[in-house]
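Each chain is listed here by its residues.
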Amino acid sequence: MLVAERIEQVRAWRGHVTGSVGFVPTMGYLHAGHLELVRRARRENNAVAVSIFVNPLQFGPHEDFERYPRDLQRDLRLLQDEQVDLVFAPRVAEIYPPGFSTAVDVGPIGERLEGASRPGHFRGVATVVTKLFMIVGPHRAYFGWKDAQQVVVIRKLVADLAIPVEIVAVPTVREEDGLACSSRNVYLSPEERRVAPALYAALAHARALWQEGARDAETLRQAVRARLAEEPLIRLDYVSVADAGTMEELVVVDRPAILSLAAWLGTTRLIDAVLLGAE
Ligand code: AMP
């Protein structure tokens, strides 16, 4: 496994690879969700590249960039065990050297939901993912449905800019109690960790109503709100039932949709999502 810090090392590696390249962009502090993406990439490609880069551009000024968990040595051991070929773990200055000023803006799709709560977030995501695609040149790139709006944004990005990469979206990996695996789960206090599974339980409850035939989007949102109102440690940021292609809020669920939420547990902000008839 080659561990590269420099763009030119990745390009040199890429020049010698034969067959398809699968790419998994991450911010590190790897968990079972990341490893599921890596395994899928391993199965479907001749070579697998993983990036580990905590991207400052996608964090707001008062967010957790500085305290975001990092453990490169542990991540490298895990990726070695998955037979990854290349790990790209650049420093911030390698990606954003002095004078860097270009940004990729996906428009309104990136201004809703996560984009509304975290202004500039998807501009940061789209910019770094575009740059990573230009560096790695993958045939396929793997993203998790936990970050459902991110999947939709990245698909729009590669379609709009005609970037020749197939975006593969992978189902969310969960802990046994239903909580979506997330690097941020380590922030949770024991009490917060105990109630955190309510997030998925609320989504699964609303999805069951949809499976039983409920099509009024507000009924589904309200079902999530009511379930989470029972948990004083959880403060809901938003709950959404949105068109799976545009992320526009729906009135009637008459097409593939994404049911998603963001919530605060103390100072930790978690997101989760389920699909209603999409993919
Ligand atoms: P992150 O390191 O949080 O930027 O995540 C890197 C990639 O892993 C993104 O495509 C995420 O959507 C994906 N991911 C994170 N958590 C999970 C999970 N629990 N299940 C599946 N994919 C995930």
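Anything mentioned here points back to the structure above.
I will try to describe carefully the structure that is included in this document.

In this section: unusual backbone geometry. Phi is positive for Ala 162, which is not a glycine, with a value near 50°. Mapped onto the elements, Ala 162 comes out in the loop between α7 (148-160) and β6 (166-170). What makes Ala 162 exposed here is its relative accessible area of 61%. Positive phi outside glycine occurs at Met 247, with the angle close to 65°. By the secondary structure assignment, Met 247 is in the loop between β7 (234-243) and β8 (257-265).

Right, let's talk about the site of the ligand for a bit. Within the structure, the ligand sits among 17 residues, and Met 27, His 34, Asp 147, Val 173 and Cys 181 are positioned closest to it. Note that an oxygen atom of the ligand is positioned 3.0 Å from one of the backbone N or O atoms of Gly 144. Interatomic distance of 2.8 Å between a backbone N/O atom of Cys 181 and a nitrogen atom of the ligand. Coverage of the ligand by the protein chains reaches 93% of its 480 Å² of free accessible surface. Of all elements in the fold, only β2 (21-26), α2 (32-44) and β5 (140-144) reach the threshold of two or more residues within the shell around the ligand. Element by element, the count of residues in the shell around the ligand is highest for α2, at three residues. Of the residues assigned to the shell around the ligand, the class counts are eight nonpolar, seven polar and two charged.

Here we come to the sheet that holds β5. Taken in spatial order, the six strands make up an open sheet running β1-β4-β3-β2-β5-β6, and their pairing is parallel. Of all the strands in the sheet, the pair left with one neighbour each is β1 (2-4) and β6. For this sheet the average axis-to-axis angle between neighbouring strands, irrespective of direction, equals 25°. Alignment of β1 against strand β4 (residues 86-88), held across three bridges, turns out to be parallel.

Reading the values: rules and limits
Within each chain, residues carry numbers counting from 1 in the order of the written sequence. Confidence filtering applies because this is a predicted model: local features only for residues at pLDDT of at least 70, side-chain atom pairs given and counted only at 80 or more, and all residues used for totals across whole chains, interfaces and linings. Computation of side-chain values: all heavy atoms of the structure, hydrogens and water removed. Strands here are runs of E lasting at least two residues and helices are runs of H or I lasting at least four, both read from the DSSP assignment and numbered beginning at the N terminus. Burial classes follow relative accessibility: with a 1.4 Å probe on protein chains only, a residue under 20% of its type's maximum area counts as buried, one over 50% as exposed, and anything between as partly exposed. Consider each residue's heavy atoms; a residue with any of them within 4 Å of a molecule or strand counts as near. Contacts described as polar in this section are N or O atom pairs within 3.5 Å, which, within protein, must combine one atom able to donate a hydrogen with one able to accept it, while residues neighboring in sequence count only if both atoms come from side chains. Here, Shrake-Rupley sampling with a 1.4 Å probe gives the accessible areas, and only protein chains in the shown set may cover a residue. Following the grouping adopted for this structure description, the nonpolar residues are Ala, Val, Leu, Ile, Met, Phe, Trp, Tyr, Cys and Pro, the charged ones are Asp, Glu, Lys and Arg, and the polar ones are all others, Gly among them. Strands were regarded as paired on the criterion that DSSP finds at least two bridges between them. Interaxial angles span 0 to 180 degrees and are taken between N-to-C directions of axes, which are lines fitted to C-alpha atoms, for helices over the stretch in contact.

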